[in-house]
Amino acid sequence: MGRGGEDYGKRENASDAFSNQETFPAWARDVKQCEEKYKVNQELGLSCAEVEKRRQIYGWNELEKHEGTSIFKLILEQFNDTLVRILLVAAIVSFVLAWYDGEEGGEMEITAFVEPLVIFLILIVNAIVGIWQESNAEKALEALKEIQSEHANVVRDGKKVSNLPAKELVPGDIVELRAGDKVAADMRVLCLISSTVRVEQGSLTGESEAVSKTVKVVPENSDIQGKKCMVFAGTTVVNGNCICLVTHIGMNTEIGKVHSQIHEASQNEEDTPLKKKLNQFGEVLTMIIGVICALVWLINVKYFLSWEYVDGWPRNFKFSFEKCTYYFEIAVALAVAAIPEGLPAVITTCLALGTRKMAQKNALVRKLPSVETLGCTTVICSDKTGTLTTNQMAVSKLVAIGSRPGTLRSFDVEGTTYNPFDGKIQGWPVGQMDANLQMIAKISAVCNDAGVEQSGNHYVATGMPTEAALKVLVEKMGFPEGYDSSSGHGDPQRCCQLWNKIEQRIATLEFDRDRKSMGVIVNSSSGHKSLLVKGAVENLLERSSFIQLLDSSIVELDQYSRDLILQSLREMSTDALRCLGFAYKEELFEFATYNGDEDHPAHQLLLNLSNYSSIENKLIFVGLVGLRDPPRKEVRQAIEDCKAAGIRVMVITGDNKNTAEAICREIGVFGSHEDIGSRSLTGKEFMDHPDQKNHLRQSGGLLFSRAEPRHKQEIVRLLKEDGEVVAMTGDGVNDAPALKLADIGVAMGIAGTEVAKEASDMVLADDNFSTIVAAVGEGRSIYNNMKAFIRYMISSNIGEVASIFLTSALGIPEGMIPVQLLWVNLVTDGPPATALGFNPPDKDIMKKPPRRSDDSLITAWILFRYLVIGLYVGIATVGVFIIWYTHHSFLGIDLSGDGHSLVSYSQLANWGQCSSWEGFSASPFKAGSQVYKFDTNPCDYFQSGKIKASTLSLSVLVAIEMFNSLNALSEDGSLLTMPPWVNPWLLLAMSVSFGLHFLILYVPFLAQVFGIVPLSLNEWLLVLAVAFPVILIDEVLKFIGRCTTWLRYSSAKRSFKHKAE
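Scoring rules and cut-offs
Residues numbered from 1 in each chain as written. Predicted model: local features only at pLDDT ≥ 70, side-chain atom pairs only at ≥ 80, totals over all residues. Heavy atoms only, no water. Helix = DSSP H or I, 4+ residues; strand = E, 2+ residues; numbered from the N terminus. Expected span 1.5 Å × (residues − 1). Buried < 20%, exposed > 50% of the residue type's maximum accessible area, 1.4 Å probe, protein only. Phe/Tyr/Trp six-rings, centres within 6.5 Å; stacked < 30°, edge-to-face > 60°. UniProt positions renumbered as here; feature names shortened; annotations may be inferred. Core = buried A, V, L, I, M, F, W, Y, C linked by side-chain atoms within 4.5 Å. Domains from an automatic or database assignment. Contact = heavy atoms within 4.5 Å. Disulfide = S-S within 2.5 Å. Polar contact = N/O pair within 3.5 Å; in protein donor to acceptor, adjacent residues only side chain to side chain. Pairing = 2+ DSSP bridges. Axes fitted to C-alpha atoms, helices over the stretch in contact; angles between N-to-C directions. Salt bridge = Lys/Arg side-chain N within 4 Å of Asp/Glu carboxyl O.

A. Spotlight on helix α26 (residues 709-721). The end-to-end C-alpha distance of α26 is 18 Å, a good match for the 18 Å that 13 residues give at a rise of 1.5 Å each. Across the 13 residues of α26, ten count as buried, placing the element largely inside the fold. Here α26 has its buried residues at P709, H711, K712, Q713, E714, I715, V716, L718, L719 and K720.

This is how it looks when you write it as structure tokens:
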């Protein structure tokens, strides 16, 4: 029930009313029973008092407004992420320590606050992006409300009420529907005012054509497509008008059920494979950080806590709060070093770049993580109409009468759209149409209410798609002999306009479901009247007595010719073609003088529909055509690509079984002669299947026809339960719940409803299945690139942790402060990591099977590799720190130019005891334009005097990480086979990172903030000499990796096979 169902004091009846509303199958009961059930007369309608009474029970006719997630809850949800929580704790601790240090004043006060503020800024930006994405998710429900009708024409108290607000409808209301109306509630058709009523309900049911409605009852167990005597909320009346009885309103309508399913699906949204992996990685990281921090404290506990043993028991405890906070700061520095703060930003940037590449290929990504999820898609569940097919009816076969009785001519018609210039007719006598072909063209053009218009770069139909396809056929047939073909050049309907000028229409015999044909009476340019008829082939043959041959001669329709035409009809129907026949009549004695005047006696014949069959008799049959919604040209290759990439394709459509099977054979989902008895089921048959999961596990393609929204949802749910990563396509309202539930919901940009687009993760600008396959390839490439920069960033972070850990373990002064590490993680590492997202894709990317969604980002071998690299980073950064203090030259590089004093390694490792050393002094040294002196307190040489050694450590770290980014170009490929210039963006990014490092070194204010000083040329040579070996070490490890790839791949394959079994 809608939110408008207020309590008027009679709620005790509501549950009974709802159960009655739900359980009464109006489609399976005749008109009289329906009127009795709803206590209404179609002439009088409900009384105003009765309307109020029913509103108390049923509420308003509107969709429920679900309470959205509060902004506070959305904010909290953004911190439901392990990496974010670690960052938050690190930021809070850093802030507290900065506050503590700040109270003492001094130069380091600014530096101390930079770190927590930057981390808080990262968290705020991350939360804003997350909240924006979350709030977008619920827009599908709002879009659904747009589909609802706003007004209805109702009969109440025996009077017609025009434009009654649709939300005021109640079950039992009598409503008149006319062409163009949007249906306001689910209703039972009581009577047809026009001969036919057609309703466009494809967006709800998935049918490719407008459906004719009837008053007749249908079986109680009919599916939604089979309920021919019902019209549904949100659908549109294409032609005709009728009187209906409202049976369901609000949330009990079919569209209301879809609304509930979307809401339910949105509640069950799961994390993307990438988010799951990053969370797992965060948990491992938390554990590693915890262990390392504990080790650092245990190693250094002797510096801030000491005691004496008295009688075998520890006594006289001495605790230094200052030293305790110092080592606590080291632990925080470790946390900052271990967390790849830049990772969320780089991943977002890489995914955003991916969305730009996909947009160029007509795939518009609405949710960033979907880019990565596409890469591990294992099953694509595709709608048929509009995705695999063009959703544009087209004539594919034309059958005309031959030169003598008992012969037929067949022409194949190319083209799959409403574009008259798309394809031609094979074997067509251009400019030399015989009389028989001219008559087919004439009937197709004149006995037709549709049109074709150019809209931008494509052509659209106005009116019935079938009739529009006939107009396109006429244009492909061309002008008859003797007419100027250059006139109206470029006009998509120039041939049709010519025929309508030659044959002026003066009356129409509307289509009805009994005779299944439409006729027009025309005033020919020759002066006589003719009747042109098109309709169901069998019905036209029953009313035909003659056939027209190639040379325009008329002969009797004998049994042999009749059987030959019916055989051709059966062959075309087997190929899932919809067939239409053409016939005409020359002798219209009653209409010989008729010119459309209402006072003419013949006009009375046209007012009574029952006369149409007698007028359309003794016809001359001229030919037939086969129409279909043709498959897109590029889909067959896309299906082949899916097979090569190990992706299964399942077609789920609301269309009928035969049509869907024929299309699936044509596009390669099934083989042309394959037995598909076990692979093609209706939605209902699947729901009754004893072992649904095993049915879905079959290799190769599957087809589900006549599928309802709940069937689609169930298929997606079962596939996800089985560990598949599912991409689901759809364009209609009926597809929205399944789009929301799938790992990747793909909506159609041209034919898609707003509901489907809002429920989706990706929108196809060209509605083309092959675009999805291209997007999957792009998703795989992005994932590989993401792995490259995650490997790069994590190896860098392992190096930073190793550096701090070694500093603590050796007892030397702290080499790098937290704000320096934060700068490296966020700014210096950022450009190369982002540039790795531009790595060119592997050539065989769509020849490999999809990776499993639970594949780890970092394998045991990769982790080992980067532990080795990380250890080297730690040794290099700590080593250069020690070298500066203990050596005046290294590898022939002179380091004595600044005049600093040398100390022994033992003194450096025990610097805390400096105050007890006798005669210790440190000479002043120069860094840039500044001179550092230690006259008052020589022990400051290990604290403020470490600024040059600290700068060398930071510079070695930056240089190593730049070289390491070259290592990350390929997981196992050598730099000799994949040189740096394959990705010029990476070389540019390295330049930017070095540039940023020079900026903080040589701009005095920034150098002060980061606690560093400028370096001389010799010192830079030392930095490069210590950093470069990282490339050689990784080249050796890559070589070992290549030699053992086969061994590791076989073992992974065995474990995957075991898991599958």
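B. Structural context of the packing of aromatic side chains. On inspection of all chains with the given rule, the structure shows 20 aromatic pairs. Note on Y885 and Y941: the rings are 5.3 Å apart at their centroids and 75 degrees apart in plane angle, and the pair reads as edge-to-face. Here Y941 lies in the loop between β34 (930-932) and α34 (947-967) and Y885 lies in helix α32 (residues 860-886), a separation of 56 residues in the sequence. Assessed through its relative accessible area of 0%, Y885 is described here as buried. Residue Y941 is classed as buried on the basis of its relative accessible area of 0%. For the pair F963 and F1028, a centre-to-centre distance of 5.7 Å together with 85 degrees between the ring planes defines the contact as edge-to-face. On the criterion of sequence distance, the pair formed by F963 in helix α34 and F1028 in the loop between α37 (1017-1027) and α38 (1029-1060) is long-range, its members being 65 residues apart.

C. Local environment of the UniProt feature "transmembrane region" (unreviewed entry) in the chain. Per the UniProt record, the feature "transmembrane region" (unreviewed entry) sits at residues 82-100, 112-132, 284-305, 325-353, 858-885, 985-1005 and 1020-1040. Secondary structure across residues 858-885 comprises 93% helix and 0% strand; the distance between its end C-alpha atoms is 38 Å.

D. Here's a closer look at the nonpolar core. F769, Y885 and Y941 are the most contacted members of the largest nonpolar core, which totals 124 residues. Both domain 2 (363-389 + 632-767) and domain 4 (783-842 + 857-893 + 946-1060) contribute no fewer than three residues apiece to this core. Ignoring sequence-local partners within four residues, the contact set of Y941 consists of W884, Y885, H900, S901, V903, F920, A922, F925, F934 and K946. Core analysis: the next-biggest nonpolar cluster, separate from the first, contains 55 residues, A233, M251, A707 and V726 among them.

E. Expanded view of the state of the cysteines. Evaluation of the coordinates by the stated rule reveals one disulfide. Paired by a disulfide, C914 and C939 hold their sulfur atoms 1.9 Å apart. Judged by the sign of its S-S torsion, about -95 degrees, the cystine formed by C914 and C939 is left-handed. Of the two residues, C914 sits in the loop between α33 (905-909) and β33 (925-927) while C939 sits in the loop between β34 and α34, which places them 25 residues apart along the sequence. Considered together, C914 and C939 belong to a single accessibility category, that of buried residues. Just so you know, C191 is unpaired, no disulfide at all, and the nearest cysteine sulfur is the one on C242, 7.8 Å from it.

F. Layout of the side chain of S760. Relative to the assigned elements, S760 resides in the loop between α28 (754-759) and β30 (762-764). There is a polar contact of 3.5 Å between the side chain of S760 and the backbone oxygen of M762.

G. Layout of the pairing of strand β2 (residues 159-165). Direction of pairing for strand β1 (residues 151-156) relative to β2: antiparallel, over a ladder of five bridges. Its bridge partner being in β2, H151 is matched across the sheet by P165. The turn joining β1 and β2, which pair antiparallel and follow one another in sequence, is formed by two residues; a positive phi near 55 degrees is taken by D157.

H. Molecular detail of the sheet that holds strand β26 (residues 680-682). In space, the eight strands of this open sheet follow the order β12-β30-β29-β28-β13-β25-β27-β26, with mixed pairing throughout. With one partner strand each, in any of the chains shown, β12 (363-365) and β26 form the two edges of the open sheet. Across the sheet, the mean angle separating the axes of adjacent strands is 20 degrees when strand polarity is ignored. With three bridges connecting them, β26 and strand β27 (residues 702-705) associate as parallel partners. Across the sheet, S680 pairs through a bridge with L703, a residue of β27. Together, β25 (648-652), β26 and β27 form the strand contacts of helix α23 (residues 657-667), whose direction differs from that of β27 by roughly 155 degrees.

I. Spatial organisation of the sheet that holds strand β8 (residues 236-239). With antiparallel pairing, three strands are arranged side by side in an open sheet as β6-β5-β8. Both edges of this open sheet fall to β6 (211-212) and β8, since each of them pairs with a single strand only. When strand β5 (residues 198-200) meets β6, the two strands line up antiparallel, connected through two bridges. Along β6, the bridge assignment pairs R198 with S212.

J. Main features of the pattern of salt bridges. Inspection of every chain in the model, using the stated rule, returns 25 salt bridges. Residue R156 is joined to D173 by a salt bridge in which the shortest nitrogen-to-oxygen separation is 2.7 Å. Of the two residues, R156 is situated in strand β1 and D173 in the loop between β2 and β3 (174-177); the sequence distance between them amounts to 17 residues. As far as burial versus exposure is concerned, R156 and D173 are alike and both buried. Look at the salt bridges and you will find they share partners, linking K693, E714, R717 and E721 into a network.

K. Representation of unusual backbone geometry. Notably, K618 is not glycine yet its phi reads approximately 50 degrees, a positive angle. Looking at where K618 falls in the secondary structure, it is placed in the loop between α21 (612-615) and β24 (619-628). Residue classification places K618 among the exposed residues on the basis of a relative accessible area of 56%. Non-glycine residue L891 carries a positive phi angle of around 55 degrees. Along the polypeptide, L891 turns up in the loop between β31 (889-890) and β32 (893-894). On the basis of relative accessible area, L891 is assigned to the exposed category, the value being 64%.

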